Amino acid sequence: MIIQNAFWDGKQMVFGDGDGTIFRDFTSRDDVIGHELTHAVTQFTANLIYENQPGALNESISDVFGIMVKQYKLGKPAAEANWILAEGIWGPGINGRGLRDMQNPGTAYNDPKIGKDPQPAHMKDYKKLPNTADGDYGGVHINSGIPNKAFYLAATKIGGNSWDGAGPIWYETLTGGKLKSNATFQQFADLTVLNAGPHASQVVAAWKEVGISAKSGRSEL
Ligand SMILES: [Zn+2]
């Protein structure tokens, strides 16, 4: 069997070899490995349920830490870094740069054989999808484009390396014990601002650009 995927199954990581035509080998990308391992961290911390907005947050958090693995390895600060997940994963003849583009969600690929990257980059384009396998459980890999872009914006507004600036804020939000397993984008955004310390204004501005007004004041959550 050819596995055209990579996933965390609750106990272990599973990586497909790809078929060499559509997909290349999934273990060849550090960000894909970081993505799958982060699902394990999420499972044992906030345990975001895998549907609708909490599911899209679950997916986004895996992209966030996956891309930081890649940027850290390459030593690239946020402003110079590449924000494409699984860059070069597509086989020859497929028009695509990677699986997802956190800087420009919705532009990672566009090819008759695989379709067009469906990710929105703003709440006004949020995709309401059924909570079924066919509906990607409410678009967990689709609407994750919105928090992905918010992270890209926060990281570049804060400046320096993503893993020194925005990364620790997102990590505290995931693991700090306040994030509920059914969290909405709004609740997640509010918590990132609460955890942003001196960078609160940049984090508020990042969420605003994707259509979410995060609360900047400290409040009981
Ligand atoms: Zn995932």
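Please read all numbers here as calculations on a predicted model, not as lab measurements.

## As for the packing of helix H1 (residues 30–43) against helix H2 (residues 52–74)
- Remark: H1 packs on H2, axes separated minimally by 7 Å, with the N-to-C direction vectors making an angle of 135°. As summarised for this structure, H1 and H2 are arranged oblique, according to the angle between their axes. Considering the relative orientation of H1 and H2, their crossing is right-handed. For the pair H1 and H2, contact is made by Asp 30, Asp 31, Gly 34, His 35, Thr 38, His 39 and Thr 42 and by Asn 58, Glu 59, Ile 61, Ser 62, Asp 63, Phe 65, Gly 66, Ile 67, Val 69, Lys 70 and Lys 73, respectively.
- Residues belonging to the contact of H1 with H2 are distributed by class as follows: four nonpolar, eight polar and six charged.

## Overview of the coordination of the zinc ion
- Within the protein, His 35 (NE2), His 39 (NE2), Glu 59 (OE) and Glu 59 (OE) serve as the donor atoms for the zinc ion, at 2.1 to 2.8 Å.
- In this structure, the zinc ion is coordinated by four donor atoms arranged in irregular fashion, with angles at the metal of 50 to 128°.

## Some words on the nonpolar core
- Ranked by size, the top nonpolar core spans 43 residues in total, and within it Trp 83, Phe 151, Trp 170, Val 203 and Trp 207 carry the most contacts.
- Going through the elements one at a time, H2, helix H4 (145–158), helix H5 (166–175), helix H6 (185–194) and helix H7 (200–209) are the ones with two or more residues in this core.
- Take this core: its biggest share by element is eight residues, from H4.
- Once residues lying within four places of it in the same chain are set aside, the contact partners of Trp 170 are Val 64, Phe 65, Ala 150, Phe 151, Ala 154, Phe 188, Thr 192, Val 203 and Trp 207.
- Grouped together as the second largest cluster of nonpolar side chains are eight residues, Val 32, Trp 90, Ile 94 and Ala 108 included.

Calculation notes
- Residues numbered from 1 in each chain as written.
- Predicted model: local features only at pLDDT ≥ 70, side-chain atom pairs only at ≥ 80, totals over all residues.
- Heavy atoms only, no water.
- Axes fitted to C-alpha atoms, helices over the stretch in contact; angles between N-to-C directions.
- Helix = DSSP H or I, 4+ residues; strand = E, 2+ residues; numbered from the N terminus.
- Parallel < 35°, antiparallel > 145°, perpendicular 65-115°, else oblique.
- Left-handed = near helix turned anticlockwise from the far one by under 90°.
- Contact = heavy atoms within 4.5 Å.
- Nonpolar A, V, L, I, M, F, W, Y, C, P; charged D, E, K, R; others polar.
- Donors = N, O, S within 2.8 Å, 3.2 Å for Na, K, Ca; no water.
- Tetrahedral: all angles 85-135°; square planar, octahedral: opposite > 155°, others 65-115°.
- Core = buried A, V, L, I, M, F, W, Y, C linked by side-chain atoms within 4.5 Å.
- Buried < 20%, exposed > 50% of the residue type's maximum accessible area, 1.4 Å probe, protein only.

Interpretation in functional terms is not warranted from these geometric data alone.
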